[in-house]
Amino acid sequence: MKNFEQYNVEDFVLNKDFQDWVQGNSPNGDFWLAFIQQHPELSETIGLAEQVIRAMQVQPRAVSDKIIREDINRFINRALAVSVETDQRTHSLKSWWPSYQVAAVISLLGLLLTTAWFYNSPKVANLSSPLSSYILPSASPAALAETVNSTNRPLRLVLSDNSLVILSPNSSLKYAPHFTTTERRVYLTGEAQFNVVKKTIPFKVYAGGLVTQVLGTSFVVRAYEQDAKATVQVRSGRVSVYKMNPISASDDALLSNLDESAIILTPNQMAVYERADSRLLKSITAEPIVLQPEAIEFDFTETPLPAVLRQLERAYGIHFQFDEEALQGCQITASLSNETMYKKLTILCKLVGGSYEVVDGQVIIHAGNCR
Amino acid sequence: MKQRISPPQAQQLWQDYRTGDIYALANLMQAYYTDLYNWGLRFCNESEIVRDCLQELFLTLWQKQATIDNVDDVAAYLFKTVKNHLLMEFRKKSFLHTLGLTDEHYSLAVEFSADFRQVEEEHDVYRIRQLEQLLNQLPDRQREIIYLRFYQNLEFDQIAEIMQIGKQPVYNLLHKAIKHLREGASTTLNWLLVGWGLCISTLF
C-alpha cells in the first residue's frame, strides 16, 4: 500500500488510479471513497487534485462510426490494390478454418468493418469472367457484386441479410448488393463457409453445377473449377442440394428439379457431386463433429453395443443401421472421448469382430457375433 | 469511456499484420481511429487532412508489412507516426523548414475544457474554470503531455516515446505543470476565502 497520507496535490493528480477514479473508470472506487472519509484532513488536497483532473479534459472532436467505416473501407480497398514490398515469403497455408483466436478478434472488432466493407465496395461483376456459362443462369441477374479472395487468408463477408460468408483463398463470390424479397442467391467458385441467417426466403448457393438451398444454417460449399468433385458439408441445420439444370435455369425449373433429385443433408453429412458422370451422392464428412458435447459421455463399462451406438448416433446426429438383436450380447468397456468418429467405429468393430461402411450418409454396422 | 483494445490484443494484431493479414491491420486502424483522429487534429485542424493522413499512414504500414519491425507498444508507435507524418506534411507546405526549424518547433492545438458532469458546487465550478485558464496558458510541451496523459490515458513510457524524450523529463514537466496549477488555484481560492470572510464579517 502506498503512503497516500503523505501525498500532495501533484502526487494525487499523477496517480493513475486516482485519475481513473475521478474519470469514473476505476475498479477501486470504494477504496478512494473510504480513504477520503478516513482522512478529512486531506479533503482540500484531494479536492484540488480532483478539480485539476476535471479541468484537464479536452472536448472530443467526434468522428462518426459512419466516417470510420468509410475510411476503413477506403483503406482496405486501396491496400488490396497496392503491391506489397517483398511479398515473396511463403505463407504456410493455414487450414482455411480460421483459428478461433483470430476469428474472435475479427468478429469482435471487425464486424462493423466487414459489414461496411461489403456495403461500400462491391464492384460490378465482370460477366465475361471465366465462370462456366451454366453457373450464371441465362436470366442474367441485375448488377452483381463480386468479391475475389486473392489473399492467402480466409476472407469474411457479411451479406445484406447479415449472413456471414467466409471465403477461402482463391475463391470468389458473386451476390446482389441487396437481396430481393423473394430470394437470396449467390454464385460461388472455390470454397466458402456459409452461416446463413434464418429467414423464410430461401438462400441458394450456385456452385460447380450444384445448388444448395437452405433457410438458415451453417455449411461449407467447395467447388473449385479444377476439382473433379464439388461438395457440400453441413455443420448445423438442414440443407437441400440438387443438380443445376444446365439447359433451363429458370426458377421454376430449379424448383421442379428440387422435387425430383434433391438430397437433404443434416449436420455432419455431405453431398458429393462427381462432375465426370454428374452423380450426386450423400456421404458423411471427413471429420464429423460432436453436435451436443455437453450431453455426451463416451466412457463405457460393460455397456451393450447397441446402447453405445445409439450414444454415438445422438452425439454426431448421424443415423446408424445395425442389427439390434445380434449386437445385444456385445459388452463394451472402453473410453472413447478423444477419438474421431471413424476411429471410434473402427475400435468398436475391432472389439466385436465386425466392420462398418458409410452408405448414403448413414453408417451401416456389419457385426460379428457376441455370445 | 473509450473502448480501447488491450496492449496484448494490439500486439497480437500487429503480429498478424506482419504475417500479411490485412484485416488485422484494418482492425488496429479501427480500434485506434477515434484516438488517432483526435490526436491528429492537435497538429492540423482540418478534418479531411487528418483523415487522409491516416489513410497514407496505414497504407504505408501495409506496404511495409514484410519488412517492418516489431514494436514494443503499438499505440505509442501509431501516435508517434501520426504526429511525425502530420508535422512533415506541414513542413513540406510551409517555408518554415527553410528557416531550419526542427521537430521541437511546432504548435499544438489543445483547448482544455473541463468535465463538469459531476461538479455541483458553485465554487468548485469557479475553481475549475480558473484551472482551465491556467492550463490553456501552459507551454505547448506541457499541454501535450497533459493531453496525452489525461485525455488519451497513456502511460509515461508511451508519452515519452511519442514525444521522443526520456520518461523522466516527461514526469518532471508534468509535475511542474501541476505545481503551477496548484499554486495558481490556491491563490485564487485564497482571494475567494478573503472575499467570503469580508462578507461574513459585514453580517455581524
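All values derive from a computational prediction rather than experimental measurement.

*Asks:* Would you explain the overall build of chain A in this entry?
*Replies:* Summing up its helical and strand segments, chain A has 10 helices and 19 strands in all. Sorting the 371 residues of chain A into buried and exposed places 33% on the buried side. Partitioning the contacts of chain A with sequence separation of at least 6, the portion at a separation of at least 24 is 50%.

*Asks:* Just to check I follow, could you spell out the nonpolar core for this structure?
*Replies:* Across soluble globular proteins, nonpolar side chains have a tendency to be buried as a group. Counting 78 residues, the largest nonpolar core has Val52 of chain A together with Leu25, Leu28, Met29 and Leu36 of chain B as the members making the most contacts within it. Top contributing element to this core by residue count: helix H2 (residues 22-40) of chain B, with 13 residues. Those residues in contact with Leu28 of chain B, other than ones at most four positions away along the chain, are Ala10, Leu13, Trp14, Tyr17 and Val74 of chain B. If you look at the next biggest cluster of nonpolar residues, it comprises 55 residues, including Leu155, Phe203, Val239 and Tyr316 of chain A.

*Asks:* Please clarify how the environment of Leu41 of chain B should be interpreted in this entry.
*Replies:* Positionally, Leu41 of chain B belongs in the loop between H2 and helix H3 (47-63). Looking at Leu41 of chain B, the number of C-beta atoms within 10 Å reads 20, which means it is buried. With 10 residues separating them in the primary sequence, Leu41 of chain B and Arg51 of chain B have C-alpha atoms 9.6 Å apart. Among residues more than four places away in sequence, those in contact with Leu41 of chain B are Arg61 of chain A together with Val50 of chain B.

*Asks:* Help me understand the confidence of the model for chain B, please; the structure alone is not making it clear to me.
*Replies:* Any residue range with low pLDDT should be treated as having predicted coordinates unsuitable for detailed reading. Residues and elements named next belong to chain B. Here chain B averages 82 in pLDDT, and 82% of its residues register 70 or above. Per-element mean pLDDT across chain B ranges from 74 in helix H8 (residues 167-203) up to 93 in helix H7 (residues 156-163). Interface confidence in the predicted complex, given as ipTM, is 0.81; pTM for the same model is 0.50.

*Asks:* Looking at this structure, how should I read helix H8 (residues 305-316) of chain A?
*Replies:* For an α-helix, 3.6 residues make a turn, and residues three or four places apart therefore share a direction. Residue and element names in this part refer to chain A. Given a rise of 1.5 Å per residue, 12 residues ought to cover 16 Å, and the 16 Å separating the end C-alpha atoms of H8 matches this to within 8%. Restricting attention to buried positions, one finds in H8 the residues Leu305, Pro306, Val308, Leu309, Leu312, Ala315 and Tyr316. Where H8 is buried, its residues touch strand S15 (299-304), strand S16 (320-321), helix H9 (324-327), strand S17 (331-335), helix H10 (341-352) and strand S19 (362-366). A positive phi of about 65 degrees marks Gly317, the residue just after H8.

*Asks:* What am I meant to see in the interface of chain B and chain A here?
*Replies:* Size of an interface: often given as the accessible area lost when the parts come together. Between chain B and chain A, the residue contacts involve 54 residues of the former and 44 residues of the latter. When contributions to the side of chain B that touches chain A are tallied by element, the ones reaching two or more residues are helix H1 (7-18), H2, H3, helix H5 (122-136), helix H6 (140-151) and H8 of chain B. At 11 residues, the largest contribution of residues to the side of chain B that touches chain A is made by H2 of chain B.

Definitions and cut-offs
Residues numbered from 1 in each chain as written. Chains lettered and ligands numbered in written order. Predicted model: local features only at pLDDT ≥ 70, side-chain atom pairs only at ≥ 80, totals over all residues. Helix = DSSP H or I, 4+ residues; strand = E, 2+ residues; numbered from the N terminus. Buried ≥ 20, exposed ≤ 12 C-beta atoms within 10 Å, placed from the backbone. Contact = placed C-beta atoms within 7 Å. Core = buried A, V, L, I, M, F, W, Y, C linked by C-beta atoms within 7 Å. pLDDT = per-residue confidence, 0-100. Expected span 1.5 Å × (residues − 1).

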